Amino acid sequence: MSKLLESFAAITGPDVVNHLRQLAESLHGAKVIHVNSTRIGGGVAEILEKLVPLFNEVGLDTSWEIISGDADFYQCTKSMHNGLQGNKVNIAAPLLAAYERANQACAEALRTKLTKADFVFIHDPQPAGLLDHFPDRHGKWVWRCHIDASHPYRPVWKYLRGKVCNYDASIFSLPAFAQQLPHPQYIIPPSIDPLSDKNIELSQEEVNRVFVQFDLDPARPLLVQVSRYDRFKDPVGVIQAYRLAKKFIPDLQLVLAGGEASDDPEGEAVLAEVREAAGNDQDIHILLLAPDAHRTINALQRAADIVVQKSTREGFGLTVTEGMWKSKPVIGGDTGGIRLQVINYHTGFLVRTPEGAALRIRHLLHNRSRMQEMGRKGKEYVRENFLLTRQIREYLTVLLSLRHGTEYRIDLS
Ligand code: UDP
């Protein structure tokens, strides 16, 4: 067994890893390509960074490609993202033209590789138009949607559906996100890599360093939300919740830690709104972190008393998983993938308003033993459900089912 697989076995037990190898055996050497729109920033990049090496480790020939485009392309795909998550957005024809152009250019650049691939995973709307340019494809193409598509704005979904319905299958994170499509749909929630810099155990010394680095007081309670500056993450709502709670807990501190995903053109405007909402409160720390600041984020999440993710829409919310893995109670928005992870009253609290969040913050900070109990349960819940090995197993199963179709008998021995 390779070193990487051995280290996973140490966390999950050897059976989990042996099962992966058994599943992968009959896919040995298959060419797999993942395509998304950024290598850094956001949950998809976070997952692919770990998933691709592990796919290779179990014997599939896997690579990761990126689609890029001009400013209009990113404007268009951000609007698609917002539209899929329910915002009424009208996407102007020139933006759609930029989307089509970027997909065509990417198709040409990747033509040889994509033509040879046995399996192609297309992540989210940005590269969804690639398939239009491979009418005679040889491999199986899967559209992997990471977005909360439970209530999409119809015109946006109608446009995207025109692309997606030609795929061989699609994958959504929750049953509630699945759509009417003429192909098999699989439900696979994302996962975290417990061995990555973002999640690995840190020494107390390293955790303590972030208190110094960001001028935080280790003796005072700390709330942490890690998120791109995106309105669906509701950073302004977090500030409101903090303010309401601070009336009762005057020494409360808040960290909002974010960076910029290179495919997100709205980040700057949201950051300005957040700065304005924070005013000159010295206990609100708005951090702009480098895209590779994984250990810093890890340390901040460990430094927190409570991890917050007050999203109003959330495809999954890896930051919730990350917080739970660090044995933190999570106060999360009652939406999408957060509901799958925050088991209300057990691994954290689900909230809908700043008032609700403030109430839970006060409750937890006055009940330290409850915080510990929730944190302990949260970590076990992640170990059982949201580690990378589970996601790889499910992806391999999808590939097997795509390869074998409706064959009566599939021999995995
Ligand atoms: N993240 C990061 N730096 C930041 C903000 C977020 O590394 O400044 C990471 C975060 O730790 C998590 C991922 O990006 O691993 C965000 O995934 P999530 O599913 O929470 O949200 P998304 O950005 O995909 O909507």
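See the structure above.
Here the residue index of a chain counts from 1 through its sequence in written order. For a predicted model such as this one, the threshold for reporting local features is a pLDDT of at least 70, and the threshold for listing and counting side-chain atom pairs is 80 or more; totals across whole chains, interfaces and linings nevertheless cover every residue. In computing side-chain properties, one takes all heavy atoms of the structure into account and sets aside hydrogens as well as water.

Regarding the overall build of the chain
Basically, it comes down to this: Secondary structure follows DSSP: runs of H or I at least 4 residues long count as helices, runs of E at least 2 residues long count as strands, and numbering of each begins at the N terminus. Atoms considered for the radius of gyration are the C-alpha atoms alone. The globule rule reads 2.2 Å times the number of residues to the power 0.38. Each residue gets one of three labels from its accessible area relative to the maximum for its type: buried under 20%, exposed over 50%, partly exposed in between, using a 1.4 Å probe on protein chains only. What makes two residues a contact is simply this: any of their non-hydrogen atoms within 4.5 Å. Using a 1.4 Å probe, accessible areas were evaluated by the Shrake-Rupley method; residue-level cover was limited to the displayed protein chains. As used throughout, the charge tally considers Lys and Arg to be positive and Asp and Glu to be negative, leaving His and the chain termini uncounted. Where a charge lies is defined by one atom per residue type, namely NZ (Lys), CZ (Arg), CG (Asp) and CD (Glu).
Of regular secondary structure, the chain possesses 16 helices and 12 strands. In terms of overall dimensions, the chain is globule-like: its C-alpha atoms have a radius of gyration of 21 Å, near the 22 Å expected for 413 residues. Taking the principal axes of the C-alpha coordinates as reference, the chain spans close to 65 × 55 × 35 Å. The 413 residues of the chain split such that 56% are buried. Look at the contacts in the chain between residues 6 or more apart in sequence, and 72% of them connect residues 24 or more apart. When the accessible surface of the chain is summed, it comes to about 17,300 Å², and 50% of that surface belongs to carbon and sulfur atoms. When the 48 positive and 49 negative side-chain charges of the chain are each reduced to one mean point, those points stand 4 Å apart.

Brief notes about the pattern of salt bridges
Put simply, the rule is: Salt bridges are defined as contacts in which a side-chain nitrogen from Lys or Arg sits within 4 Å of a carboxyl oxygen from Asp or Glu.
Within the structure shown, the criterion is met by 26 salt bridges. With a shortest N-O distance of 3.0 Å, Glu108 and Arg111 are connected by a salt bridge. On the accessibility criterion, Glu108 (45% relative accessible area) is partly exposed. Residue Glu266 is joined to Arg231 by a salt bridge in which the shortest nitrogen-to-oxygen separation is 3.8 Å. Here Arg231 lies in the loop between β7 (222-226) and α9 (235-246) and Glu266 lies in the loop between β8 (253-258) and α10 (267-278), a separation of 35 residues in the sequence.

Regarding helix α3 (residues 43-57)
Let me state the cut-off plainly: Here, expected helix span is obtained from the residue count minus one, scaled by 1.5 Å.
Helix length check: α3, at 15 residues, gives a terminal C-alpha distance of 22 Å against a target of 21 Å (1.5 Å per residue), a fit within 8%. Residues Val44, Ala45, Ile47, Leu48, Leu51, Val52, Leu54 and Phe55 constitute the buried set of α3. Packed against the buried residues of α3 are α1 (3-12), β1 (31-36), β2 (61-66), β3 (119-123), α12 (318-325) and α16 (388-404). Phi for Gly59, located one or two positions after α3, is positive at around 110°.

Here's the deal with the site of the ligand
Formally: What makes a residue near a molecule or strand is one non-hydrogen atom of that residue sitting within 4 Å of it. Polar contact is the term for a pair of N or O atoms within 3.5 Å; when the atoms are in protein, one must be able to donate a hydrogen and the other to accept it, and sequence-neighboring residues count only if both atoms are side-chain atoms. Note on residue categories: nonpolar means Ala, Val, Leu, Ile, Met, Phe, Trp, Tyr, Cys or Pro, charged means Asp, Glu, Lys or Arg, and polar means any other residue, Gly included.
Lining the immediate environment of the ligand, one finds 16 residues, of which Gly43, Arg228, Lys233, Gly259 and Glu322 sit closest. Here an oxygen atom of the ligand sits 2.9 Å away from a polar atom, N or O, in the side chain of Lys198. Contact between the ligand and Gly259: an oxygen atom at 2.7 Å from a main-chain N or O atom of the residue. Isolated, the ligand exposes 540 Å² of accessible area, and the fraction of that covered by the protein chains is 89%. Those elements giving two or more residues to the shell around the ligand turn out to be α3 and α12. The greatest single-element share of the shell around the ligand, amounting to 3 residues, is contributed by α12. The residue inventory of the shell around the ligand, partitioned by class, reads 3 nonpolar, 7 polar and 6 charged.

Focus: the side chain of Thr335
Here Thr335 is to be found in the loop between β11 (330-333) and α13 (336-341). Not counting residues within four places of it along the chain, the set of residues in contact with Thr335 comprises Asp148, Ser311, Thr312, Arg313 and Glu314.

Digging into the sheet that holds β1
Using the following cut-off: Any two strands with at least two DSSP bridges between them are considered paired. Fitted lines through C-alpha atoms serve as axes, helices being fitted only where they are in contact, and the angles separating the N-to-C directions of these axes extend from 0 to 180 degrees.
Reading across from one edge, β2-β1-β3-β4-β5-β6 is the order of the 6 strands in this open sheet, with parallel pairing throughout. Bordering the open sheet on either side are β2 and β6 (185-187), each of which pairs with just one other strand. The sheet shows a mean angle of 20° between the axes of neighbouring strands, direction not considered.

Focus: helix α5 (residues 93-109)
The terminal C-alpha atoms of α5 lie 24 Å apart, and with 17 residues this matches the ideal 24 Å at 1.5 Å per residue to within 8%. Of the residues making up α5, those classed as buried are Leu95, Ala98, Tyr99, Ala102, Asn103, Cys106 and Ala107. Residues of α5 that are buried sit in contact with β2, α4 (71-84), α6 (111-116) and α7 (154-164).

Purely geometric stuff here, so don't read any function into it on its own.
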